[in-house]
Amino acid sequence: MFRKVVITLFLVFLFIFINNSRSQDIPLIRIGIAKIDGDAYFSNVGRMATDFLDMKVEGKGYVKIKVKNGSGFIETNNGILGVTLPLRIYPDGYYVNYNSNYYRGYFEILPSGWLVNVLNIEEYLMSVVPSEMPASYPLEALKAQAVASRTYALVNKRKHGEFDLCNTTHCQVYKGMRVENERSTRAVMETIGEVVVYNNQPIKAFFHSSSGGFTEDCKYVWGEDLPYLKGVKDSEELLNDTWSRTVNFSEFINKLSSADINIGGNFSIELEKTSSGRIYMMYFKSSEGIYYIKGTTFRNLFNLPSTLFDIVINGDYIIFSGRGNGHGVGLSQKGAKFLAEKGYNYKEILKFYYQGVGVAKWY
Ligand SMILES: [Zn+2]
């Protein structure tokens, strides 16, 4: 009996211990900043380390590093020191400055030349949220963005192999400390560790700038049918979020032929649309034959804001008139703004764009 109690107590203790250590453990994330080929300049450096060396940096903490063919060279007033990569660059008490921008955490230069910023996810989000959404948006919209971006980051670890995520729209826009803002930082702090889950697992939390009135079902964009990424009717205000692009006829023909669509002067266009109104497939019928192209491929080819558009041929010009901005899948950022203004809180906003999900504290 006594033994049982002891074991139970031990288990309870272990559980509390694990729980506590989990709640304090904010995961680190590795962000690819730039590929260095040649010289790179850093300041506010306190220490540099490789697998074999550990160096204190004196003075102003200003260093010039040359990267060439997988090797690193640290240039100082006393000469040039060749070092093995990876080279880790730590701050001197403040934050390391690279390219006139301060970064939290530390840097690593990999043998491939990639400069990677290593920092914890919450610090990363302090820059991602205002890079991805205007910090002037309502707090609940910013909190929804923070939770979506945190979920995206956790689910996409190792997306780039030697580092986790890049710093562009390919992954999530991250601009260092320069863009940090009190309001977006508050949104990160007030949702610390929270992620969007479906069946207790973090989801693929896609988001985009504006849905133009309707979000898109994931399967039409990436072919993957996910139960929580169905299209929904978004805020009506977004029906007014319109755009228009004009290209001349010869440019239109040339661009199409670069995608192996060779239509002559006489052709007709047929559009196959999804239930959200986006173009899924376009068919070009001419005496040369019938060609087809996916709406998403066509959007990239002509650099259009979205696939939610119509085409009008007017003499020598082709006019695209559409709505929204981005792929249309998942959370619509402008839509989140309107929902927040209508009184939705961040969890309600997330559940509006991701169906059947919950918000859970992950750490
Ligand atoms: Zn990327």
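Residues numbered from 1 in each chain as written. Predicted model: local features only at pLDDT ≥ 70, side-chain atom pairs only at ≥ 80, totals over all residues. Heavy atoms only, no water.

1. Here we look at the overall build of the protein
Selection rule: In DSSP terms, a helix is any run of H or I states spanning at least four residues, a strand is any run of E spanning at least two, and both are numbered starting from the N terminus. Each residue is assigned to one of three classes by its accessible area relative to the maximum for its type, calculated with a 1.4 Å probe on protein chains only: buried under 20%, partly exposed between the two thresholds, exposed over 50%. The contact criterion used throughout is that any non-hydrogen atoms of two residues lie within 4.5 Å.
On a plain count of helices and strands, the protein comes out with nine helices and 24 strands. Summarising its shape, the C-alpha atoms of the protein cover approximately 75 × 70 × 40 Å along the three principal directions. Taken over 363 residues, the protein has a buried fraction of 48%. Long-range pairs, those at least 24 residues apart, make up 65% of the contacts in the protein with a sequence separation of at least 6.

2. Considering the environment of M281
For M281, the location among the structural elements is in strand β19 (residues 279-286). Given a relative accessible area of 14%, M281 falls into the buried group. When the C-alpha positions of M281 and T307 are compared, they lie 10.0 Å apart, and in sequence the two are 26 residues distant. With near-sequence residues (within four places) excluded, M281 lies in contact with E270, L271, E272, Y292, I293, K294 and G295.

3. Here we look at the environment of S258
Which entries qualify depends on this criterion: Polar contact criterion, stated in full: a pair of N or O atoms within 3.5 Å, where within protein one must be able to donate a hydrogen and the other to accept it, and residues adjacent in sequence count only if both atoms are side-chain atoms.
Tracing the chain through its elements places S258 in helix α6 (residues 249-258). Linking S258 and E162, residues 96 residues apart in sequence, is a C-alpha distance of 33 Å. A polar contact of 2.5 Å, which involves the side chain of S258, links it to the backbone oxygen of K255.

4. Considerations on the confidence of the model for the protein
The condition that has to hold: Known as pLDDT, the predictor's per-residue confidence is scaled from 0 to 100.
Per-residue confidence for the protein gives a mean pLDDT of 92; residues scoring 70 or more make up 93%. The low-confidence segment residues 4-23 (pLDDT under 50) makes three contacts with residues lying over four places distant or belonging to another chain.

5. A word on the domain arrangement of the protein
What counts here: Boundary definitions for the domains trace back to an automatic or database domain assignment.
For the protein, the domain assignment lists domain 1 (27-120), domain 2 (123-210 + 328-361) and domain 3 (242-323). For domain 2 versus domain 3, the distance between C-alpha centres works out to 32 Å.

6. What to know about the nonpolar core
Our working rule: The set of buried Ala, Val, Leu, Ile, Met, Phe, Trp, Tyr and Cys residues whose side-chain atoms join them within 4.5 Å is what this entry labels a nonpolar core.
In this structure, F42 and Y354 are the most contacted members of the largest nonpolar core, which totals 77 residues. In terms of residues, this core owes the most to one element, helix α3 (residues 139-155), which gives 10 residues. Looking at which domains feed residues into this core, each of domain 1 (27-120) and domain 2 (123-210 + 328-361) supplies at least three. The contacts of Y354, once residues within four sequence positions are left out, are A148, V196, I203, A205, F206, F207, Y228, L229, G330 and L331. Within the second largest apolar cluster, 20 residues are counted, among which are V247, I253, F302 and F320.

7. A look at helix α4 (residues 182-189)
Stated formally: Our arc is simply the arc of the directions from the helix axis toward the C-beta atoms.
Where α4 is concerned, the buried positions are S184, T185, A187 and V188. One side of α4 carries all its buried residues, which in axial view fall inside an arc of 155 degrees. Residues of α4 that are buried make contact with α2 (121-132) and α3.

8. Thoughts on the sheet that holds strand β1 (residues 28-35)
For the record, the criterion: A pair of strands is considered paired only if DSSP assigns at least 2 bridges between the two. For helices, the fitted axis covers only the stretch in contact; all axes are lines through C-alpha atoms, and the angles between them, taken along N-to-C directions, range from 0 to 180 degrees.
Sheet architecture is open: seven strands sit in the order β4-β3-β8-β11-β12-β1-β13, paired in mixed fashion. At either margin of the open sheet sits one strand with a lone partner, and together these are β4 (54-56) and β13 (165-166). Against the sheet, α2 makes contact with β1, β12 (114-120) and β13, and its axis sits at roughly 110 degrees relative to β12, the strand it touches most.

9. Examining the packing of aromatic side chains
Where two aromatic rings form a pair, the distance of their centres and the angle of their planes describe that pair. To keep it simple, the criterion reads: Between 30 and 60 degrees the pair is tilted, below 30 it is stacked and above 60 it is edge-to-face, where a pair is any two Phe, Tyr or Trp rings, Trp via its six-membered ring, whose centres lie within 6.5 Å. Only lysine NZ and arginine CZ atoms are considered, and such an atom sits over a ring when it is within 6 Å of the ring centre and within 35 degrees of the ring normal.
Per the counting criterion, the structure on display carries 29 aromatic pairs. Here a set of aromatic residues connected by ring pairs shows up, and it is made of W243, F249, F252, F267, F284, F298, F302, F309 and F320. Over the face of the ring belonging to Y137 we find K337, whose NZ or CZ atom lies 5.9 Å from the ring centre. Lying across the ring of F338, K337 places its NZ or CZ 4.7 Å from the centre.

10. With respect to the packing of α3 against helix α8 (residues 333-341)
Put simply, the rule is: If an angle is under 35 degrees, it is roughly parallel; if it is over 145, roughly antiparallel; if it lies from 65 to 115, roughly perpendicular; otherwise it is oblique. Left-handed describes a crossing whose near helix is turned anticlockwise from the far helix through less than a right angle; right-handed describes the clockwise counterpart. When residue character is reported, Ala, Val, Leu, Ile, Met, Phe, Trp, Tyr, Cys and Pro are called nonpolar, Asp, Glu, Lys and Arg charged, and the others, Gly included, polar.
Where α3 meets α8, the closest approach of the two axes is 8 Å, and the angle between their N-to-C directions is 140 degrees. One way to sum up the angle between α3 and α8 is to call them oblique. By crossing handedness, the relation of α3 to α8 is classed as right-handed. Here E140, A141 and Q145 of α3 come into contact with α8, specifically with Q333, A336, K337 and A340. For the contact of α3 with α8, the residue count by class is three nonpolar, two polar and two charged.

11. Describing the pairing of strand β22 (residues 317-323)
Side chains I318, F320 and G322 project from β22 onto a buried face, and the interleaved Y317, I319, S321 and R323 project onto a face without burial. Direction of pairing for strand β17 (residues 242-248) relative to β22: antiparallel, over a ladder of seven bridges. Within the sheet, the bridge partner assigned to S244 lies in β22 and is S321. Where strand β21 (residues 309-314) meets β22, six bridges bridge the pair, whose relative direction is antiparallel. Bridging from a neighbouring strand, N314 pairs with Y317 of β22. In textbook terms, the turn of a hairpin is the stretch between consecutive antiparallel strands, and for β21 and β22 this stretch comprises two residues, one of which, G315, has a positive phi near 60 degrees.

12. Some words on the pattern of salt bridges
Note that side chains of opposite charge can pair when their charged atoms are close. As a reminder of what qualifies: Salt bridge, as used here: a side-chain nitrogen of Lys or Arg that lies within 4 Å of a carboxyl oxygen of Asp or Glu.
Scanning the model with the defined rule gives 22 salt bridges in all. As a salt-bridge pair, E270 and K285 come within 2.9 Å of each other at their nearest N and O atoms. Here E270, found in strand β18 (residues 267-273), pairs with K285, found in strand β19; they are 15 residues apart in sequence, far enough to count as distant. Given a relative accessible area of 32%, K285 falls into the partly exposed group. Salt bridges here are not isolated pairs; linked through shared partners, they connect D39, K64, K66 and E75.

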